[in-house]
Amino acid sequence: MTQAHVSVQTQDSAQARHNASATIAISLTVNGRAVSAVVEPRTLLVQFLREALDLTGTHVGCDTSQCGACVVHLDGEAVKSCTTLAVQADGRAVTTIEGLAQGTTLHPMQEAFREHHGLQCGFCTPGMIMSAVDLVARFGPGLDEPTIRDNLDGNLCRCTGYHNIVRAITAGAQAMGAPRDLAAE
Amino acid sequence: MSTATITPIGAAVRRKEDHRFITGKGRYTDDLDRPGQAYAYFLRSPFAHAAIRGLDIAAAKAMPGVVDILTGADLAADGIGDLICGWMIHSKDGSPMKMGSHPALAKDKVRYVGDHVAVVIAESLNAAKDAAAAIAVDYEELPAVADLAHAREGAQIHDCAPANTAFEWELGDKAATEAAFARAAHVTTIDLVNNRLAPNPMEPRAAIGDYDSGDEAYTLWTTSQNPHVARLVLSAFVGIAPEHKLRVIAPDVGGGFGSKIFIYAEETVCAWASRRVGRPVKWTSDRSEAFLSDAHGRDHRTHAELALDAEGKILGLRVHTRANMGAYLSTFASSIPTYLYATLLSGQYDIPAIYCEVDALYTTTAPVDAYRGAGRPEATFLVERIVEKAARELGQDSAQFRRRNFITAFPHQTPVIMNYDAGDYGAALDKALEFSDYAGFPVRQAEAARRGKLRGIGLSNYIEACGIAPSAAVGSLGAGVGLWESAEVRVNPTGNVEVLTGSHSHGQGHETTFAQLVSARLGIPIEQVSVVHGDTDKVQFGMGTYGSRSGAVGMSAISRALDKVEAKAKKIAAYMLEASEGDIEFKDGRFTVAGTDRSLAFAEVALNAYVAHKFPTSEIEPGLKEGAFYDPTNFTFPAGCHVCELEVDPLTGVTTIVNFTAVDDFGVVINPMIVEGQVHGGIAQGVGQALLEGVVYDADGQLVTGSYMDYTMPRAGDLPAFQVGMTQTRCPSNPLGIKGCGEAGAIAAPAAVINALTQALGTEEVPMPATPARVWEIIQARAARAAAE
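Residues numbered from 1 in each chain as written. Chains lettered and ligands numbered in written order. Predicted model: local features only at pLDDT ≥ 70, side-chain atom pairs only at ≥ 80, totals over all residues.

Engineer: Before we go on, may I ask you to explain the nonpolar core in this structure?
Structural biologist: Note that soluble globular proteins tend to have their nonpolar side chains buried in a common cluster. Judged by nonpolar contacts, the single largest core of 317 residues is most densely connected at B:Ala40, B:Val120, B:Ala128, B:Ile558 and B:Val753. Among residues more than four places away in sequence, those in contact with B:Val753 are B:Gly458, B:Cys644, B:Leu646, B:Val687, B:Ala690 and B:Leu691. (Core = buried A, V, L, I, M, F, W, Y, C linked by C-beta atoms within 7 Å. Buried ≥ 20, exposed ≤ 12 C-beta atoms within 10 Å, placed from the backbone. Contact = placed C-beta atoms within 7 Å.)

Written out as structure tokens, the structure reads:
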């Protein structure tokens, strides 16, 4: 993949005057793309992704790190980007929901959520899918329903009652474990 | 498009809208930015009840990045009116409800923690927050009125409402009900609290107001379930702008459950302020603000009595409910504990006499309005709890007791307004008992007992009134609006179709289900149908989505528009085929001259409608676009039976639902996959109410449950996989036979869970939410009583 390079400023001038404290330069990879930016120390990773990079697929559903709508992968592991500072991602690789598909080919977990009606309003969905992929990485493609339910405790959904999310993750995990998909992972 | 498919009614078509959601391309209000936008932050009251003696914004206004700070005085100076409640209720004495003034920004008083005092508009959200902290407010604290049980005696919240009473309403025949009780062989009584809930759609509310001084017109992006109603209220009552100068757009909306029906202070202020400051103004709620200021649901205290004859036949029901309205009457608040509640108190049962009194009381808490089910969960919880208790008191089997009292002939006029048009309650009960292996419960209970677990099974035979609603009927009951729905079917020259609907999808899958209907009717692939909603500039008018109305009412409007499209296309086809119009048959997407092989594809006729070469335009107008306004002839009456089986660990008080069965009669089902998904989600919210969720205010009116660390949302591990089945009686009151499915789970589940839990624990006194701590206390108290005896 070609490495694009963008520089972004996360704050306007008025805010910069207001927060005269030091800013910090960071460089990271987001969805395979090299990104450099100057950020306030207090900038959250989710703010950086949504506001500076316009990657609005990552959502904010709460302010206490409970709901999981903001889950992204940091060096391949699920993190809540609402409780991760942008500066903590310096030198690391971030994958968001926008970076999960391979071109026009959906990730097996995305496909499974669609096939099994694992979403309704769609707001929790990016975080659910990112957590689901992480669950498979941690527990393997054969993970069972109790494991899914127990380990999905960091992701809230108000629409589905989780019934079809659990089915989707079960199917998505199996698809991820199938030989033809190993290469894609 | 090789995979193009005609999608029949009843097929589990995968959702068209999913692709954007699973790839992060959904467009929710907070995902949008307007050039030059500023950010709004609301200074909210820290007190439940206080007079504002002074408000000094000077220092705050001088802070870096502040664009402006606006208060209730500015709102008044611009002639912006109060937020309104759109459903008039009259008290027993004939007096109109006492609607306290509800300004979008407080004028001289605040009435709940989170009430809006001022708005700071700044270059960034952080700058706005910093400045808000510098606003000096001189509050004179007044006594909080946080407890519904003592609201009458509390400090008066609104000048117009003595004893904090909004209305004292009644429904039913009091004398007939008293006569039923006079001849009763047995009377079952119950006292219930229907716990207060926070709706909690995962997307917090948000709004962007954008005033265009060139056109003198506003655009408001907002997280609304009904953008046209929002525009109407903001225009006709609040006075932001004339309707034709106010465009309201509700883009992708991340769940609503009722809480996004209402017209709130924040979107009102964002629209108004965008003209004041000459820039777009954006506000996004954080979750803490959502807990404080989204309208809550439920919150009833009820005493009820059921009169029975010696055999267990119900003779009458008498109910007295106190309903918490919160600090202000929200947009539809007055209709919830009245016409959406007491009208369902007959349940599935033939009850000859019912009398219900409802006292609607103000408290210094957030406004209370519709939340999934809206009045009907409260009714079902009451009916199914008291019926269960009566069966137990009479020593009768719960299922048989219900069956004995079922309504079995339709139409059935209840004593509380509703005329049930169709149903088969016995069929749903039979299927639910079979699915749940009700007969095998005693064996499972004994096995659980050997493991030291308390096991219970509970039924809930719910009914709801959906497909809201016949306009004249609701008008006669006090509604300020009609509740029809609109649709427009635009056939393009190349034969693909746009459907414009006044319904709004915020998770319900309309882009799929509505397209499925069009695909089936016109015989064109579903890929060639787009559904347009949520924009007042695109859709002429509509009433939005709530009350399980989008299928029964919204799709009926589409069906009517499709009738007109087909009729016109037949006329055009007749000219093209040089046949008489009466000989044209339309089937599987082709217009055929009856008895011949001469036919045309739908797309050929569509093209010719626009080319207009082959028919006289003096007789038939060119084009193929038809609209319909459909007004339902009755409510619809989805009903069914939910069965909950659970186990309690007496050592910890933890309740585990081991099986949950739902059998529902939703009439005709367009897409069973989507319908089952609606049932799942509803059950989860109902189980949440029964076991986990409850909004708590302390005696000072401070919100104790203000975050996800304090308010227990159902998580995946709290719920089992659900068993969902259906029975079907066609709804005779709309052209598609649809009853609606969106609220059933939330209506049915609480009673099923609590009926199971009361059985497991051997006491009728189990409050919601039945948290482990409460269940453990009940078990301990019972053990202590047993030891004392």
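Additional details are given in the paragraphs that follow.
Engineer: Is there a simple way to think about the sheet that holds strand β6 (residues 136–141) of chain B in this case?
Structural biologist: What holds strands together in a sheet is hydrogen bonding between their backbones, with the strands either parallel or antiparallel. Residues and elements named next belong to chain B. Within the open sheet, the three strands sit side by side as β4-β2-β6. Their pairing is antiparallel. Both outer strands of the open sheet, β4 (109–110) and β6, are each paired with one neighbouring strand and no more. Bridging between strand β2 (residues 50–56) and β6 involves six bridges; their strand directions are antiparallel. For alanine 50, the partnering residue across the bridge sits in β6 and is glutamate 141. (Pairing = 2+ DSSP bridges. Helix = DSSP H or I, 4+ residues; strand = E, 2+ residues; numbered from the N terminus.)

Engineer: Can you help me understand the domain arrangement of chain B in this one?
Structural biologist: For an interface, size is often stated in terms of accessible area lost upon the parts coming together. All names here are of chain B. In terms of domains, chain B is made up of domain 1 (3–26 + 484–630), domain 2 (36–142 + 207–283) and domain 3 (300–468 + 634–788). With centres defined by C-alpha atoms, the gap from domain 1 to domain 2 works out at 39 Å. Tallied by class, residues from the side of domain 1 that touches domain 2 come to three nonpolar, ten polar and two charged. (Domains from an automatic or database assignment. Nonpolar A, V, L, I, M, F, W, Y, C, P; charged D, E, K, R; others polar.)

Engineer: Help me out: how do you make sense of the pairing of strand β18 (residues 454–463) of chain B in this one?
Structural biologist: Consecutive side chains along a regular strand alternate between the two faces of the sheet. Residues and elements named next belong to chain B. With ten of ten residues buried, β18 is to be regarded as a mostly interior element. Taken together, the ten bridges between β18 and strand β26 (residues 639–649) define a ladder with antiparallel strand orientation. Looking at the pairing, glycine 456 lines up with leucine 646 of β26.

Engineer: What is the right way to read the interface of chain B and chain A from this model?
Structural biologist: Each partner contributes to the interface: chain B provides 46 residues, whereas chain A provides 47 residues. Among the secondary structure elements, those contributing two or more residues to the side of chain B that touches chain A are α1 (18–22), α4 (125–132), α8 (287–293) and α17 (672–692) of chain B. Residue contributions to the side of chain B that touches chain A peak at six residues, all from α17(B). Of the residues contributing to the side of chain B that touches chain A, the split by class is 18 nonpolar, 17 polar and eleven charged.

Engineer: Just checking my understanding: could you explain the pairing of strand β23 (residues 590–593) of chain B for this structure?
Structural biologist: Residue and element names in this part refer to chain B. Sheet topology places strand β22 (residues 584–587) next to β23; four bridges connect them, and they run antiparallel. By the bridge assignment, lysine 587 is partnered in β23 with arginine 590. Where β22 folds back on β23, the antiparallel hairpin that results is connected by two residues, among which aspartate 588 adopts a positive phi of roughly 50°. Two strands pair when backbone bridges link them, and β23 and strand β24 (residues 599–601) are joined in this way by three bridges, in the antiparallel orientation. When the sheet's bridge partners are listed, phenylalanine 591 is paired in β24 with leucine 600. With antiparallel pairing between neighbouring strands as the criterion, β23 and β24 make up a hairpin whose turn holds five residues, including glycine 595 at a positive phi of roughly 80°.

Engineer: What is the right way to read the sheet that holds β26(B) from this model?
Structural biologist: Residue and element names in this part refer to chain B. Ordered by their spatial adjacency, four strands build an open sheet running β18-β26-β27-β28, and the pairing between neighbours is mixed. Pairing within the sheet leaves two strands with one partner each, and these edge strands are β18 and β28 (722–727). Taken over all neighbouring pairs, the strand axes of this sheet differ in orientation by 15° on average, direction set aside. As judged from the six bridges shared by strand β27 (residues 654–665) and β28, these two strands associate in the parallel manner. By the bridge assignment for β28, threonine 661 is matched with glutamine 723. (Axes fitted to C-alpha atoms, helices over the stretch in contact; angles between N-to-C directions.)

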